[in-house]
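Observations on the model geometry
These are the residues of each chain, in order.
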Amino acid sequence: MSTPSSSDDVPESGLPRRTFLKSAGTLTIGFSLLPGCQLTQDEADAAEASDPAGRSDLPPSLAQHPRIDAWLRVLGDGRLRVYTGKLELGQGIRIAIAQVAAEELHTSPDRLEVHLAETGVTPNERYTSASVSIEHSAMSVRHASATARRILKERAAQQFGVESEGVKIDDGTLTAGSQSATFAEVLGDEQITETVTEPADLRPTDEREWVGTPVERTDIDRMVRGEEVYVQDLRFDDMVHARVVRPPGYDASLREYDEDAVREAVGDGLQIVQNGSFLAVVAEGEHQALRAQQVLQSNAEWSEPRALPADTPLEEHLRALPAETETVVDEGSAGEGETISASYFRPYVMHGSLGPSCAVGHYDGDRLRIWTHSQGVYPLRDTLTALVGLPPEKIEVKGVPGSGCYGHNGADDVAADVALLAMEVPNRHVRLQWEREDEHGWEPYGSAMIMDVEATLGDDGTIQDWQFDVHSDSHSTRPGGDPGNLLAGRYIEDAHALTSRGYLAGGYRNAVPYYELPTRSISAHFFDGPLRVSALRGLGAHANVFAIESMMGELADRAGTDPVVFRKQHLEDPRAGAVLDAVAEQAQDTSVGATEGLGYGFARYKNRASYCAVAARVRAEADGDLTVTHLWGAIDSGEVINPDGLRNQVEGGMIQSMSWMLNEEVQFDDTRITSREWGSYPILQFEDVPVVEATVLDRPDEPPLGAGEAAQGPATGAVANAIARATDERVQSLPVRSS
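Residues numbered from 1 in each chain as written. Predicted model: local features only at pLDDT ≥ 70, side-chain atom pairs only at ≥ 80, totals over all residues. Heavy atoms only, no water.

**Regarding the overall build of the chain**
The line we're drawing: Numbered from the N terminus, helices here are DSSP runs of H or I no shorter than four residues, and strands are runs of E no shorter than two. Atoms counted for the radius of gyration: C-alpha only. Globule rule: 2.2 Å times the number of residues to the power 0.38. Should any heavy atoms of two residues lie within 4.5 Å, those residues are counted as being in contact. Here the Shrake-Rupley method, with its probe set to 1.4 Å, supplies the accessible areas, and only the displayed protein chains count as covering residues. Under this rule, positive means Lys or Arg and negative means Asp or Glu; His and the chain ends count for nothing. Charge positions come from single atoms, namely NZ of Lys, CZ of Arg, CG of Asp or CD of Glu.
For the chain, the count of helices and strands is 19 helices and 24 strands. Computed over its C-alpha atoms, the radius of gyration of the chain comes to 27 Å, within 12% of the 27 Å expected for a compact globule of 739 residues. With respect to the three principal axes, the spread of C-alpha positions in the chain is 75 × 75 × 45 Å. Here the contacts in the chain between residues at least 6 apart in sequence split such that 78% fall between residues at least 24 apart. With an accessible surface of roughly 27400 Å², the chain has 45% of that area assigned to carbon and sulfur atoms. Across the chain, the 63 positively charged side chains and the 118 negatively charged ones have centroids separated by 4 Å.

**A look at the nonpolar core**
Across soluble globular proteins, you tend to see nonpolar side chains buried next to one another. This is how it is decided: By nonpolar core is meant a set of buried Ala, Val, Leu, Ile, Met, Phe, Trp, Tyr and Cys residues that side-chain atoms within 4.5 Å join together. Per-residue accessibility, obtained with a 1.4 Å probe over protein chains only, is compared with the maximum for each type, and a residue is labelled buried under 20%, exposed over 50%, and partly exposed between these values.
By size, the foremost hydrophobic cluster in this structure holds 85 residues, and its most contacted members are Met451, Trp466, Phe468, Met551, Leu555, Phe602 and Leu631. Looking at this core, the element that brings in the most residues is helix H15 (residues 541-559), giving nine residues. Counting 60 residues, the second largest nonpolar core, distinct from the first, contains Leu318, Met350, Trp434 and Leu531.

**Some remarks on the pattern of salt bridges**
It is possible for side chains of opposite charge to pair when their charged atoms get near one another. Spelled out, the test is: Here, a salt bridge means any Lys or Arg side-chain nitrogen found within 4 Å of an Asp or Glu carboxyl oxygen.
For the coordinates displayed, the defined rule picks out 49 salt bridges. A salt bridge links Arg217 to Asp219; its shortest N-O distance comes to 2.9 Å. The two residues Arg217 and Asp219 agree in class, both being buried. Between Arg243 and Glu435 there is a salt bridge, and its shortest N-O distance comes to 2.7 Å.

**Observations concerning the environment of Met449**
Considering the arrangement of structural elements, one finds Met449 in strand E18 (residues 449-457). For Met449, a relative accessible area of 0% corresponds to the buried category. Residues Met449 and Phe278, 171 residues apart in the sequence, show an inter-C-alpha distance of 32 Å. Beyond its immediate chain neighbours, meaning those up to four positions away, Met449 contacts Tyr344, Phe345, Arg346, Val470, His471, Ser472, His475, Gly507, Gly540, Ala543 and Asn544.

**Remarks on the pairing of strand E2 (residues 80-83)**
Convention followed: One bridge is not enough; two strands pair if DSSP finds at least two bridges between them. A clockwise path from the first strand over the helix to the second, with the strands pointing away from the viewer, defines a right-handed crossover.
Burial along E2 is two-sided: the residues Leu80 and Val82 and Arg81 and Tyr83 are all buried. Inspection of the sheet shows strand E1 (residues 72-74) paired to E2 by three bridges, in the antiparallel sense. Note on E2: the bridge partner recorded for Arg73 is Arg81. Linking E1 to E2, which pair antiparallel, is a turn of five residues; within it Gly78 sits at a positive phi near 95 degrees. Looking at chain direction, E2 and strand E3 (residues 112-115) are connected through four bridges and run parallel. When the sheet's bridge partners are listed, Tyr83 is paired in E3 with His115. Crossover connection from E2 via helix H4 (residues 93-104) to parallel E3: handedness right-handed.

**A short note on the sheet that holds strand E21 (residues 596-604)**
The condition is simple: Comment: axis = line fitted to C-alpha atoms, over the contacting stretch for helices; angle = value between 0 and 180 degrees taken between N-to-C directions.
Spatially, the four strands line up as an open sheet ordered E21-E22-E23-E24, and their pairing is mixed. A single partner strand is all that each edge strand has here, and the edge strands are E21 and strand E24 (691-697). In this sheet, neighbouring strand axes are inclined to one another by 15 degrees on average, regardless of whether the strands run parallel or antiparallel. In the sheet, strand E22 (residues 611-620) pairs with strand E23 (residues 626-636) via 10 bridges, with the strands oriented antiparallel. Note on E23: the bridge partner recorded for Val614 is Gly633. Those strands touched by helix H17 (residues 574-587) are E21, E22, E23 and E24, and its axis lies near 140 degrees from that of E23. Relative to the sheet, helix H19 (residues 712-727) contacts E21, E22 and E23, its axis offset from that of E21 by approximately 155 degrees.

**Concerning the packing of aromatic side chains**
Heads up, the rule is: Aromatic rings from Phe, Tyr and Trp, taking only the six-membered ring of Trp, are treated as a pair when their centres fall within 6.5 Å; an angle between ring planes under 30 degrees marks them as stacked, one over 60 as edge-to-face, and anything in between as tilted.
Under the definition given, this model contains eight aromatic pairs. With a centroid separation of 5.0 Å and an interplanar angle of 55 degrees, the aromatic rings of Phe236 and Trp371 are classed as tilted. Pair noted here: Phe236 is in the loop between helix H7 (218-224) and strand E7 (240-245) and Trp371 is in strand E15 (residues 368-372), with a separation of 135 residues, a long-range link. By relative accessible area, which is 2% here, Trp371 ends up buried.

**Re the environment of Ile134**
Following the sequence through the fold, Ile134 ends up in helix H5 (residues 133-160). With near-sequence residues (within four places) excluded, Ile134 lies in contact with Ile93, Ala96, Met139, Ile641 and Pro704.

**Some points on a negative patch on the surface**
The following threshold applies: Each patch is built from residues lacking any salt bridge and having more than 30% relative accessible area; the joining distance is 9 Å for like charges and 5 Å for nonpolar side chains (Val, Leu, Ile, Met, Phe, Trp, Tyr).
A cluster of acidic side chains, namely Glu256, Asp258, Asp260, Glu264 and Glu301, defines a negative patch on the protein surface. Relative to the helices and strands, Glu301 resides in strand E11 (residues 301-302).

**Considering H4**
Rules: An expected span of 1.5 Å times one less than the residue number is assigned to each helix.
If you check H4, its first and last C-alpha atoms are 17 Å apart, about what 12 residues at 1.5 Å a residue would give, namely 16 Å. For H4, the buried fraction is high: 11 of the 12 residues fall into the buried class. By the burial criterion, the buried members of H4 are Ile93, Ile95, Ala96, Ile97, Ala98, Gln99, Val100, Ala101, Ala102, Glu103 and Glu104. At its buried positions, H4 is contacted by E2, E3 and H5. Phi turns positive one or two residues past the end of H4, at His106, with a value near 55 degrees.

**Here's the deal with the confidence of the model for the chain**
We apply this condition: Per-residue confidence from the predictor is reported as pLDDT, which spans 0 to 100.
When pLDDT is averaged along the chain, the result is 92, and 92% of the positions lie at 70 or above. Confidence drops under a pLDDT of 50 for residues 1-11, and excluding neighbours within four residues, the segment shows 33 contacts in the predicted structure. Below pLDDT 50 for its whole length, residues 13-26 participates in 48 contacts with residues either more than four positions away or in separate chains.

**Details of the sheet that holds strand E17 (residues 430-433)**
Overall, mixed pairing links the seven strands, which are arranged E9-E10-E7-E17-E14-E15-E16 in an open sheet. Where the open sheet ends on each side, the last strands, each with one partner, are strand E9 (270-275) and strand E16 (395-399). On average, each strand axis in the sheet is inclined to that of its neighbour by 20 degrees, with strand direction left out of account. Against the sheet, helix H9 (residues 286-299) touches E7, E9, strand E10 (278-283) and E17, its axis set at about 15 degrees to E7.

**A few points about the packing of helix H18 (residues 643-662) against H19**
The line we're drawing: To sort the angles, those under 35 degrees are grouped as roughly parallel, those over 145 as roughly antiparallel, those from 65 to 115 as roughly perpendicular, and the leftovers as oblique. Note on convention: near helix rotated counterclockwise from far helix by under a right angle means a left-handed crossing. Clockwise means right-handed. Any residue outside Ala, Val, Leu, Ile, Met, Phe, Trp, Tyr, Cys, Pro, Asp, Glu, Lys and Arg is labelled polar, Gly included; the first ten of those are nonpolar and the last four are charged.
Across the interface, H18 lies against H19 with an axial gap of 8 Å and an inter-helix angle of 55 degrees. As judged from the angle between their axes, H18 and H19 are oblique. For the pair H18 and H19, the sense of crossing is right-handed. Of the residues in H19, those in contact with Gly653, Met654, Gln656, Ser657, Trp660 and Met661 of H18 are Gln712, Ala715, Thr716, Val719, Ala720 and Ile723. Looking at side-chain class alone, the contact of H18 with H19 contains seven nonpolar, five polar and no charged residues.

**With respect to the environment of Arg436**
With respect to the helices, strands and loops of the structure, Arg436 is situated in helix H13 (residues 436-442). Spatially, the C-alpha atoms of Arg436 and Glu677 are 6.4 Å apart, while their sequence positions differ by 241 residues. Beyond its immediate sequence surroundings of up to four residues, Arg436 is in contact with Ser353, Leu354, Gly355, Pro356, Arg676, Glu677 and Trp678.

**Description of helix H8 (residues 259-266)**
Think of an α-helix as 3.6 residues a turn; residues three or four steps apart then line up on the same face. As a reminder of what qualifies: In protein, a polar contact requires one atom able to donate a hydrogen and another able to accept it; more generally it is a pair of N or O atoms within 3.5 Å, and residues adjacent in sequence count only if both atoms are side-chain atoms.
In this structure Asp258 caps H8, since a side-chain oxygen of it lies 3.2 Å from the backbone nitrogen of Asp260. Trailing H8 by a residue or two, Gly267 shows a phi angle of about 95 degrees, which is positive.

**With respect to unusual backbone geometry**
If a residue is not glycine, its phi is most likely negative; likewise, a peptide bond is most likely trans. Here the residue pair Leu734 and Pro735 is connected by a cis peptide bond, since its omega of -5 degrees sits within 30 degrees of zero. Summarising the element assignment, Pro735 is placed in the segment after H19. Unlike most non-glycine residues, His106 shows phi in positive territory, near 55 degrees. By the secondary structure assignment, His106 is in the loop between H4 and E3.

Following this line, the structure appears as structure tokens:
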């Protein structure tokens, strides 16, 4: 297993090594402390003041961190280290960033290593979320690398005594005639510290070697082999193991527990940590910690948890809650025709990460270090500052990939837990591994939602009026500096109350149809629901697109128009029509039996990111069950960096969306979550996965767009419409298999 080592470190040109770093392509366990990133905010402010017009055209992350060595550094052995404030969540950002940097620097991706999110080292890009890692981070690296290429050529030209146009770059070496020098030799004891103030001249599209090609991810091979990849794999020689004892339900307070019974069952070497109603154990061995947790779980006494509305249908309960209303869009004048109305419902859905959350903490009496799969290392650090009382400069947070991440799961909570425990057990590495029951029962879920749609179909077969009301809780309650958003923060002795409802606008993401309609009236009604919620892949876009596309399918049927043609009648954007045509072409030759149906779904994610269309074929079985036999997807994400990565995102998104709509629903009784394992929260099984095909439309002259969340809504819409064709019954309440 991994142990801290600095034997394979390679020093950066001109910069002293302050601590151990990493080896390329292996699990990163050490902390790095480099100075460049800490200076970038001040320099960003100064650069913005001096050149606001030029900076406005830069990728947002580069505009905030314009110094090149915040993104790119040359190592002493000639390799390159690229920095990103984003974390690898399975979306393939590491290889995509390596490809754009390699392209602009005329070098092989094998010569590059990508350093993922770490406080004090990488730029502060806040969260890895909203499908903007390519747009913000990779494009920042691209422009920083292109600018670095120009500067390297200029410096080499000066050393060679030639014009910079006469200098060529090939795989880390600059040449002019018979003269040559590596990047490190050209820089000597320096790094490239200039700032990027305007978009760089990028390598011409027709000369590109790496962008647009399916460069393989080396981490996939290690995942398949079960090698060390995730934070769950971290091990240290002096490590102790911890478990947290959770209350039976929300807001219950700890009254007492039998410490003697625990010590009798577990023996020596056990530390019980209590801070208010936060109760945990730390032991030398993991089995010992687990046993202590089980004993405490059985003998601890708690106050009565907050009541949950188990006796009332959830949709009925949510409609009865007080709500805050926001008008999203209200424009146009309604025409005449047949009015069709329908209501759609999605229950609470969990992230269902395959690997329960995990974190490691170490406190040496001065500095606190956290290894975490949080989506935002800087916001987590700021939140821990408020939780444990250390200043931010005394807290280091290092991002390490976690096993399964589709939004704000338990990663930040387990990191906060371990921070509290590391402070209680100084000078030891404390590893806290949540159990399945912890993850299922306490993660923040994707909000339940209700969508009421009313549309008017004119005599000409086109839509004359569109009314849409979405009812939703918040869609993001990330830490953001507020310890009240962390589980531990609510249960310690000096508890932190929630001070914000989080990101409410996520509830109406994609609630405004991308279709051209004469009228659109969209309103959002925000309630405080009974369960803990936060960001889940796509936020409100999944449920909103499900409702919109279900209604579009019904309107097409009422109009007697082919569903693809009907949608294109209401679209002016040719790229939208192109993905619909692409997916229709894929599905057109499929045979559809008497008990089968073919359905379509479409959306442009956030109405400004990727275009995605999905077709689904569904078969109604004799026993009443439904089988999705085929999914076809087509996506236009502008310029494609890595077609394999993009295709994987679309295919994975379609399968997960199908699982949500068919199977998934968080269950609870009158005081507690009852979906505590996979049996009570069934996800799609391998045997249920249909044939899945995805077509990627590459547009190398268009900006690259985020794609990780683009397929969620269209896939559910397509399957819902296919079910309607197969059964003559419209799906209005999810999940289908509990209806």
